[in-house]
Structures are given as C-alpha cells and as structure tokens.
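# Survey of secondary and tertiary structure
The primary structure of each chain is shown beneath.
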Amino acid sequence: MAENVNRRDFLGMALGGIAAVGVGASLVAMKSSWDPLPSVVSAGFTTIDLSSMQEGEYRQVEYRGTPVYVIKKTAEMKKCEERDVVVGNADYSLGIQICTHLGCIPSYDSKSTEFHCACHGGRFDACGRNVFGPPPTPMAIPPFKIEGDKLVLGEEGPEYLKLVGKA
C-alpha cells in the first residue's frame, strides 16, 4: 500500500509542474499579445526640426522603415514649384529616397545636387524628379504637415494636399 501512495504523490507533483509550466507559457503569450506589433510602432509620426539646417544641407531620416530625404535649398538650386515645401522663407525638397525603378536607395551627391542610383544608373535631381535612366516616375513625397519650423511626417496637412493635387 505504501508504494501506491508514493506513486500518487509523484503523479500529483508531475501534474502540478506541468500546470505551472502551462500557466507560465500562457502568461508569456498574453504579455506578448499586449505589446504593439513592430509595424505599429514604426508606423508612428516622425518629426524633423528644420530650424538647425543650413542652406544646401542634406538630411536623411527614417519614416516607417523607409529613408526620407530633406534638402534645404540654396539660391542657386532650381526651384520646383510643384514639389518644393516652403517653411518660413526657406524652400525644402522632401521625398522618399527610393528609386522608382527597382526600389534601390539612391545616394545623394552634394556637388552635382543629384541622387544617383547604383542599380541601373538612374538619376534624380534635388527635387526628386527623374532626369536620366530607367526610373519611370519621380520619388514619392511622404505625407507631411508643417508645425512652425518642424515637419511632421505621417499626417496629411494642407501643404501636402496642395502638392499632391488633392486640395
């Protein structure tokens, strides 16, 4: 009879151990379901402070996992009425820095004020318009809103709607 009691105790402890592991795994799963997904975290807004930028300065930021460029234009740079963003009394060029041909990331050459895509030799001017090679369209403009001398990427402000022709 003493043998059955020890066996019963062992089975009870084994069942309790399995139940504890199951409860722990359930708590871990519940905790991970409460955390926001990485895509939701990266889908937030990106704020760019333009007040510290010098004329001719190129700046690259990440917005929703993609590179976005901002260039503060100099007086010598060509104005692009249909693509330039005016903040205060300065013109800025803004776009998603992805080649519209195959999705490569073109590099910016400050001497020629052009973007050069290494994949197939495509070139874009400082405004983001395609000027040479296979890219079929200009670089896209991300949705933005102007708040003082800051650019908030991720919100469609009246300036963005005017640029894309929805205003």
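Calculation criteria
- Residues numbered from 1 in each chain as written.
- Predicted model: local features only at pLDDT ≥ 70, side-chain atom pairs only at ≥ 80, totals over all residues.
- Heavy atoms only, no water.
- Salt bridge = Lys/Arg side-chain N within 4 Å of Asp/Glu carboxyl O.
- Helix = DSSP H or I, 4+ residues; strand = E, 2+ residues; numbered from the N terminus.
- Buried < 20%, exposed > 50% of the residue type's maximum accessible area, 1.4 Å probe, protein only.
- Disulfide = S-S within 2.5 Å.
- Pairing = 2+ DSSP bridges.
- Axes fitted to C-alpha atoms, helices over the stretch in contact; angles between N-to-C directions.
- UniProt positions renumbered as here; feature names shortened; annotations may be inferred.
- Core = buried A, V, L, I, M, F, W, Y, C linked by side-chain atoms within 4.5 Å.
- Contact = heavy atoms within 4.5 Å.

On to the pattern of salt bridges, then. Tallied over the entire structure, the rule returns 8 salt bridges. With a closest N to O distance of 3.0 Å, Asp84 and Lys73 form a salt bridge. Of this pair, Asp84 sits in the loop between β3 (66-72) and β4 (85-87) while Lys73 sits in the loop between β3 and β4, and the two are 11 residues apart along the sequence. A relative accessible area of 7% places Lys73 in the buried class. A single network of salt bridges, built from pairs that share partners, joins Glu82, Asp125 and Arg129.

On inspection of all chains with the given rule, the structure shows 2 disulfides. With a sulfur-sulfur separation of 1.6 Å, Cys80 is cross-linked through a disulfide to Cys127. An S-S torsion of about 75 degrees defines the bridge between Cys80 and Cys127 as right-handed. Of this pair, Cys80 sits in the loop between β3 and β4 while Cys127 sits in the loop between β8 (123-125) and β9 (130-132), and the two are 47 residues apart along the sequence. A single burial state applies to Cys80 and to Cys127, both of which are buried. The disulfide bridge from Cys104 ends at Cys119, spanning 1.8 Å between sulfur atoms. With the S-S bond torsion at -105 degrees, the cross-link from Cys104 to Cys119 turns out left-handed. Of this pair, Cys104 sits in the loop between β5 (90-96) and β6 (107-109) while Cys119 is found in the loop between β7 (114-116) and β8, placing the two residues 15 residues apart along the sequence. Not part of a disulfide, Cys99 finds its nearest cysteine sulfur in Cys117, a span of 3.8 Å. Residue classification places Cys99 among the buried positions, given a relative accessible area of 5%.

All right, on to the sheet that holds β8 then. Read across the open sheet, the 4 strands follow the order β6-β7-β8-β9; overall the sheet is antiparallel. Edge positions in the sheet fall to β6 and β9, since each of these pairs with one other strand and no more. Averaged over all neighbouring strand pairs, the angle between strand axes comes to 35 degrees, with direction disregarded. As paired elements, β6 and β7 share 3 bridges and run antiparallel to each other. Among the inter-strand pairings, Asp109 is bridged to a residue of β7, identified as Glu114.

For Arg64, which is not glycine, the phi dihedral falls at a positive 55 degrees. Looking at the element boundaries, Arg64 is found in the loop between β2 (58-63) and β3.

So, about the UniProt feature "domain: Rieske" (unreviewed entry) in the protein chain. Those residues carrying the UniProt feature "domain: Rieske" (unreviewed entry) are residues 65-153 in this numbering. Within the segment residues 65-153, helix and strand shares are 0% and 42% respectively, and the terminal C-alpha atoms sit 12 Å apart.

What follows covers the nonpolar core. Core analysis: the largest hydrophobic core is formed by 20 residues, its most contacted members being Leu50, Val85, Tyr92, Leu94, Phe144, Leu151 and Leu153. Mapped by element, the contributors of at least two residues to this core are β2, β3, β4, β5, β10 (144-147), β11 (150-153) and α3 (158-163). With 4 residues, the top contributor of residues to this core is β5. Not counting the four nearest positions on each side in its chain, Tyr92 is found in contact with Leu50, Met53, Val70, Ile71, Lys72, Asp84, Val85 and Val87.

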